[in-house]
Amino acid sequence: MSEHWDIYADWNPWHGCTKISPGCKYCYVYRQDEMYGSEIGSNIARKTANFNLPLKRRRDKSYKIPSGRMVFTCFTSDFLLRDADPWRPECWAMMRERSDLWFYFFTKRIDRFMECIPPDWGDGYDNVLVGCTVENQAMADYRLPIFRQLPIKHKSIIASPLIEGIDLLQYLDNTIEEVSTGGESGREARPCHYDWVLDLRRQCIEKNVPFRFHQTGARFVKDGRMYYVRRPFQLSQAHKANIDYRIGRFYAPETALWQWSDDDYTH
Ligand code: SF4
């Protein structure tokens, strides 16, 4: 896995977010701000110095984010945050201009999607993947019926931080490009049970939807025993479980893989 990190890029056009559902309880944005002693409240959204990163160029005029990257977007906030409404149109315009990149954002505010899209969205931009986050059954049952109706070309379900077992079966079909799940990080993390993870995997296999177990979280329960997993090992331990289903070698939805030929990234 790690040999392929160079196909990814991060873009955080703004930072700061307001808590909206149980999965936000120990939000990593708040934890990180506390750790770094930020003087501005984590609930105050502000544009970052990298707001226009997709359009930034080097001295030789090439883009700072090279063509073909998967750009994880807005990971220190929520892309559909209301406070960011005035800034988002510029972001959509950048995504449109950089049609040579994939933009991937996750949101807990999928119910705001239709009021946030640009006028030319149509049935979705080809290069934008949207992950609808669901951390428990209640959020799945509220958000996923909305998600199902939305005009989005690339959809994924992010069951994370998984704080209880979730039945997703009725929401899984061939419009869902992956289900990705993981436990919670941080000192106060709630436990993630391996049985819940395996049950989601079973549901995905039943519906032939790609499944990925992306991290264990800090407290991981397996065979009735609680394991405390330090941050550097939470991804690798999940990967070692080797339970992903139909997930390509680039750790991205299968449908996004057409752009990376075997020759592009062999190290
Ligand atoms: S929506 Fe995401 S970024 Fe915002 S508070 Fe919740 S967990 Fe944090």
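Residues numbered from 1 in each chain as written. Predicted model: local features only at pLDDT ≥ 70, side-chain atom pairs only at ≥ 80, totals over all residues.

Draft legend 1. Focus on the overall build of the protein. A count of helices and strands for the protein gives six helices and twelve strands. For 267 residues, the compact-globule formula gives about 18 Å, and the C-alpha radius of gyration of the protein, at 18 Å, lands near that figure. By its C-alpha atoms, the protein is 55 × 45 × 40 Å across when sized along the principal axes. The buried share among the 267 residues of the protein stands at 37%. Considering only intrachain contacts with a sequence separation of at least 6, the fraction spanning at least 24 residues in the protein is 76%. (Helix = DSSP H or I, 4+ residues; strand = E, 2+ residues; numbered from the N terminus. Rg over C-alpha atoms; globule rule 2.2 N^0.38 Å. Buried ≥ 20, exposed ≤ 12 C-beta atoms within 10 Å, placed from the backbone. Contact = placed C-beta atoms within 7 Å.)

Draft legend 2. Region of interest: the confidence of the model for the protein. Taken as a whole, the protein shows an average pLDDT of 92; of its residues, 91% reach a score of 70 or greater. Below a pLDDT of 50 lies the segment residues 257–267, which in the model reaches twelve contacts outside its immediate sequence neighbourhood of four places, other chains included. (pLDDT = per-residue confidence, 0-100.)

Draft legend 3. Representation of the pairing of strand β10 (residues 211–215). Within β10, four of the five residues are buried, which leaves the element mostly enclosed by the surrounding structure. Here four bridges tie strand β8 (residues 176–182) to β10, and the two strands are oriented parallel to one another. The partner of Thr181 across the bridge, within β10, is Phe213. (Pairing = 2+ DSSP bridges.)

Draft legend 4. The arrangement of the sheet that holds strand β12 (residues 225–228) in detail. Read across the sheet, three strands follow the order β9-β11-β12 without closing on themselves; strand pairing throughout is mixed. Among the strands making up the open sheet, the edge pair consists of β9 (192–193) and β12. One ladder, built from four bridges, connects strand β11 (residues 219–222) with β12; its direction is antiparallel. Its bridge partner being in β12, Phe220 is matched across the sheet by Tyr227.

Draft legend 5. Summary view of helix α2 (residues 88–97). Those residues of α2 not exposed but buried are Cys91, Met94 and Met95. Summarising the axial view, the buried residues of α2 lie within an arc of 100°, below the 170-degree limit, and thus occupy one face. At its buried positions, α2 is contacted by β5 (102–107) and β6 (128–133). (Arc of directions from axis to C-beta.)

Draft legend 6. View of the site of the ligand. The immediate surroundings of the ligand are formed by Cys17, Lys19, Ile20, Gly23, Cys24, Cys27, Val29, Ser77, Asp78 and Lys108. Grouping the constituent residues of the shell around the ligand by class yields five nonpolar, two polar and three charged. (Near = placed C-beta within 6 Å. Nonpolar A, V, L, I, M, F, W, Y, C, P; charged D, E, K, R; others polar.)

Draft legend 7. Main features of the environment of Met95. Tracing the chain through its elements places Met95 in helix α2. By the C-beta count within 10 Å, which is 21 here, Met95 ends up buried. Met95 sits 32 residues away from Asn127 along the chain, and the two C-alpha atoms are 7.7 Å apart. The residues touching Met95, leaving out its near neighbours within four places in the chain, are Phe103, Tyr125, Asn127 and Val128.

Draft legend 8. Structural context of unusual backbone geometry. Of note, the amide linkage connecting Ser160 to Pro161 takes the cis form, showing an omega dihedral of -5°. For Lys61, which is not glycine, the phi torsion reads 80° and is therefore positive. Looking at the secondary structure, you find Lys61 in the loop between β3 (46–47) and β4 (70–73). In this structure, Asn242 takes a positive phi of about 55° despite not being glycine. As for its placement among the helices and strands, Asn242 is situated in the segment after α6 (231–241). Residue classification places Asn242 among the exposed residues on the basis of 7 C-beta atoms within 10 Å.

Draft legend 9. Structural view of the pairing of strand β7 (residues 154–159). Most of β7 sits inside the fold, with six of its six residues counted as buried. Burial of the side chains of β7 extends over both faces: His154, Ser156 and Ile158 are buried on one face and Lys155, Ile157 and Ala159 on the other. As paired strands, β6 and β7 are joined by five bridges and run parallel to one another. In the sheet register, Cys132 faces β7, and the bridge partner there is Ile157. Between β6 and its parallel partner β7, the chain crosses via helix α4 (residues 137–149), and the hand of that crossover is right-handed. Relative to β8, β7 is paired through five bridges, and the arrangement is parallel. Paired with Ile157 across the bridge in β8 is Val179. (Right-handed = clockwise from strand over helix to strand, strands pointing away.)

Draft legend 10. Representation of the sheet that holds β5. Sheet architecture is open: seven strands sit in the order β1-β4-β5-β6-β7-β8-β10, paired in parallel fashion. A strand with exactly one partner marks an edge of an open sheet, and here the two such strands are β1 (8–11) and β10. Between one strand axis and the next, the sheet turns through 25° on average, direction left out of account. In the sheet, β5 pairs with β6 via five bridges, with the strands oriented parallel. When the bridges of β6 are listed, Phe105 appears paired with Val130. (Axes fitted to C-alpha atoms, helices over the stretch in contact; angles between N-to-C directions.)

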